[in-house]
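Descriptive analysis of the structure
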Amino acid sequence: MTEKFPNHIAGGWSAPASGEYMENRNPARTSDLIGLFPDTDPSELDAAVASAQRGFESWSRTPAPERGLALKRAGDLLTRHKEELARTMTREMGKVLEETRGDVQEAIDTAYYAAVEGRRLFGRTAPSELRNKWAMSFRRPIGVFGIITPFNFPVAVPSWKIFPALLCGNSIIYKPSEDVPHSAHRFVEILLEAGLPPECVQLLHGRGETIGQAIVEHPGVPGLSFTGSTETGSRIGEIAGRMHKRLSLEMGGKNAQIVLSDADPDLALEGVLWGAFGTTGQRCTATSRLLLQSDIHDDFVERLCYEARSLRLGDGLEAGVDVGPLVHEAARDKCERYVAIAEAEGATVATGGRRPSDGGLGDGWFYEPTVLTGVARGHRAAVEEIFGPVLSVIRFDTLEEAFEINNEVRYGLSSSIYTRDVNASFRAVEELDNGITYVNAPTIGAEAHLPFGGVKSTGNGHREGGWEVYEFYTETKVAYVDYSGTLQRAQIDVDW
Ligand code: NAD
């Protein structure tokens, strides 16, 4: 009998009122049905919002260091359950176990950072221009936050949002991706076991267009944090703008690794293999463009194709597997569609470009690591996000040209440059139009204690991670305390 999982609404676990469920299947072997998860109807949202508002009333008054302690316990529990959670994630979204362990570790790091931030949530004091008067700023929590997340980091991305939101004294309504509901269920169980107030953590499974959109539109949810595609984020942004909601958007990418001819070729090769084919290319920071200086182009491509062909595809739970499946059929279809478009535009499939033909992988959404050469600036494979193991190689001659190619896409998440030239490195750091630039490292590899996010169509100016995210989940308030016993008028009664 397939297990039916509940939502977590109004302080308890409950079956969806509609009685409707969605299947969750293992993308490496689609015959493996993991469970049935609620297809929640928007009519259930009012109860969740009312409960989250009640939770907010008491949690926001709990001292921040005490809130931090609950997040410390969450970090401890995640550490204890790391292996089990990693396996749960691999089974439902496919990336290899080493990577899902890293996914949990990122949540652990984020929990411990948040725990300490509970003793730090700094405000400022500033000297008043008047005598016997104090001026200071401090941070206040905001209320109920809607948290809407993608499939590719089932625990890490929710933790980037939920931990700082809770630490700051807010409550949350969490709508995970319909592709990774089991990880979300376990994550919320751990938060509750850590002692976070049940009314502060509402978990609503279901579809983006129904329950996701209802959360975005609900007037009782003043803040939203979304990670996902630029298309979905734009729709959410329109609604949030109309309703004056606080909104953080983390969206798509088309990240480039630039290799100059003076680079260490072995290092650059290792970097692009990890950047392009890690997580089966399904990272917002994945390397989807490789910019090679003309004089190293041919040799580099030859070695790259050889190494890409040597990567072992398979079930991420098995030892020795390098690349897991795509998350679902539509994701594999998208890779196939883009490879066909690239060929029609004049590119060549140097390796891959098809489903694997052997090894008993027929039951999963596998696609071979693919290298496209002869991709020209302006080709769709050069500018659009594919979100799979498909790498577009673009040739360039000068550093300036490489920078132009990097900057001419609508996205601006991460970039990387491989070179031994310190001047080129620092120019890249300054001139590449991205939220993150790596020097002699791949486009992936963000650390939890630094700000994370992108420019242009990747984001809307906020950052996750590090110290900056705490600005998003709080509102600054200023207080003036006049103990002069007289009316002192700013700008007017200044006698100096
Ligand atoms: P997606 O946009 O399809 O879905 C993301 C979430 O939004 C899901 O929970 C979905 O149910 C929900 N959703 C869909 N339509 C909605 C609507 N109308 N209203 C409210 N919610 C809605 O994205 P995905 O396929 O899960 O993830 C892949 C995308 O996420 C890629 O574009 C990737 O670049 C991006 N991503 C970005 C970052 C980042 O930090 N910049 C990190 C990870 C993934």
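All values reported here derive from a predicted model rather than from experimental measurement.

Across its full length, the chain holds 15 helices and 21 strands. Computed over the C-alpha atoms, the radius of gyration of the chain is 24 Å, within 12% of the 23 Å expected from 2.2 N^0.38 for a compact globule of 496 residues. Along the three orthogonal principal directions, the C-alpha set of the chain runs to about 80 × 70 × 40 Å. Each of the 496 residues in the chain was classed as buried or not, and the buried ones make up 56%. Averaging the positions of the 50 positive and the 70 negative side-chain charges in the chain gives two centres separated by 5 Å.

Looking now at the site of the ligand. In the region of the ligand, 29 residues are neighbours, and Thr149, Lys175, Glu178, Met251 and Glu385 sit closest. In the environment of the ligand, an oxygen atom lies 2.7 Å from a nitrogen or oxygen atom belonging to the side chain of Lys175. Where the shell around the ligand is concerned, the elements lending two or more residues are helix H7 (208-217), strand S10 (223-227) and helix H8 (230-242). Here the shell around the ligand takes four residues from H7, the largest share from any one element. Grouping the constituent residues of the shell around the ligand by class yields 12 nonpolar, 12 polar and five charged. Residue-level mapping places the shell around the ligand at the junction of two domains, with at least three residues from each of domain 1 (7-251 + 459-478) and domain 2 (255-439).

This part takes up the sheet that holds strand S21 (residues 474-482). Here three strands make up an open sheet; going across it, the order is S5-S6-S21 and the pairing antiparallel. Lying at the two open borders of the sheet, with one neighbouring strand each, are strand S5 (124-127) and S21. Across the sheet, the mean angle from the axis of one strand to that of its neighbour is 25°, orientation sign disregarded. As defined by bridge partners, strand S6 (residues 133-141) adjoins S21 across nine bridges and the pair is classed as antiparallel.

This part covers the packing of helix H2 (residues 64-80) against helix H4 (residues 97-117). Between H2 and H4, the shortest axis-to-axis distance is 8 Å and the interhelical angle comes to 160°. The orientation of H2 relative to H4 falls into the category roughly antiparallel. Here the hand of the crossing between H2 and H4 comes out left-handed. Here H2 contributes Gly68, Leu71, Lys72, Gly75, Asp76, Leu78 and Thr79 to the contact with H4, which in turn contributes Val104, Ala107, Ile108, Ala111, Tyr112, Ala114 and Ala115. Residue classes in the contact of H2 with H4 are distributed as nine nonpolar, three polar and two charged.

As a further point, take the domain arrangement of the chain. According to the domain assignment, the chain contains domain 1 (7-251 + 459-478) and domain 2 (255-439). Inter-centroid distance (C-alpha atoms) of domain 1 to domain 2 is 31 Å. Contact residues are listed per partner, giving 22 residues for domain 1 and 26 residues for domain 2. Both sides of the domain 1 and domain 2 interface together cover about 2,000 Å² of buried area, and 55% of this is carbon and sulfur. The closest approach of N and O atoms between Arg29 and Asp315, which form a salt bridge, is 2.9 Å. Counting across the interface, domain 1 meets domain 2 through nine residue pairs in polar contact (both at pLDDT 80 or more). Sorting the residues of the side of domain 1 that touches domain 2 by element identifies helix H3 (82-93), H4 and H8 as the ones contributing at least two each. When residues of the side of domain 1 that touches domain 2 are assigned to their parent elements, the largest contribution, four residues, is made by H3. A breakdown of the residues in the side of domain 1 that touches domain 2 according to their chemical character gives eight nonpolar, six polar and eight charged.

We now examine empty space enclosed by the protein. What the rule picks out here adds up to four cavities of 30 Å³ or more. If you add up the space inside the largest cavity, you get close to 70 Å³. Along the wall of the largest cavity there are 13 residues; nearest its centre are Gly281, Arg283, Ala286, Ser288 and Phe387. When grouped by side-chain class, the residues that make up the lining of the largest cavity number five nonpolar, six polar and two charged. Space inside the second largest cavity adds up to approximately 60 Å³. Going through the elements one at a time, H4, helix H5 (156-167) and helix H15 (469-472) are the ones with two or more residues in the lining of the second largest cavity. Of the residues assigned to the lining of the second largest cavity, the class counts are six nonpolar, three polar and no charged.

What counts as what
Residues numbered from 1 in each chain as written. Predicted model: local features only at pLDDT ≥ 70, side-chain atom pairs only at ≥ 80, totals over all residues. Heavy atoms only, no water. Helix = DSSP H or I, 4+ residues; strand = E, 2+ residues; numbered from the N terminus. Rg over C-alpha atoms; globule rule 2.2 N^0.38 Å. Buried < 20%, exposed > 50% of the residue type's maximum accessible area, 1.4 Å probe, protein only. Lys, Arg positive; Asp, Glu negative; His and termini not counted. Charge placed at Lys NZ, Arg CZ, Asp CG, Glu CD. Near = heavy atom within 4 Å. Polar contact = N/O pair within 3.5 Å; in protein donor to acceptor, adjacent residues only side chain to side chain. Nonpolar A, V, L, I, M, F, W, Y, C, P; charged D, E, K, R; others polar. Domains from an automatic or database assignment. Pairing = 2+ DSSP bridges. Axes fitted to C-alpha atoms, helices over the stretch in contact; angles between N-to-C directions. Parallel < 35°, antiparallel > 145°, perpendicular 65-115°, else oblique. Left-handed = near helix turned anticlockwise from the far one by under 90°. Contact = heavy atoms within 4.5 Å. Buried area = accessible area lost by both parts, 1.4 Å probe. Salt bridge = Lys/Arg side-chain N within 4 Å of Asp/Glu carboxyl O. 1 Å grid on protein atoms, 1.4 Å probe; cavity = no way out; pocket = protein on both sides within 12 Å on 5 of 7 lines; lining within 4 Å. Points joined across faces, edges and corners; volume = space filled by probe spheres on them.

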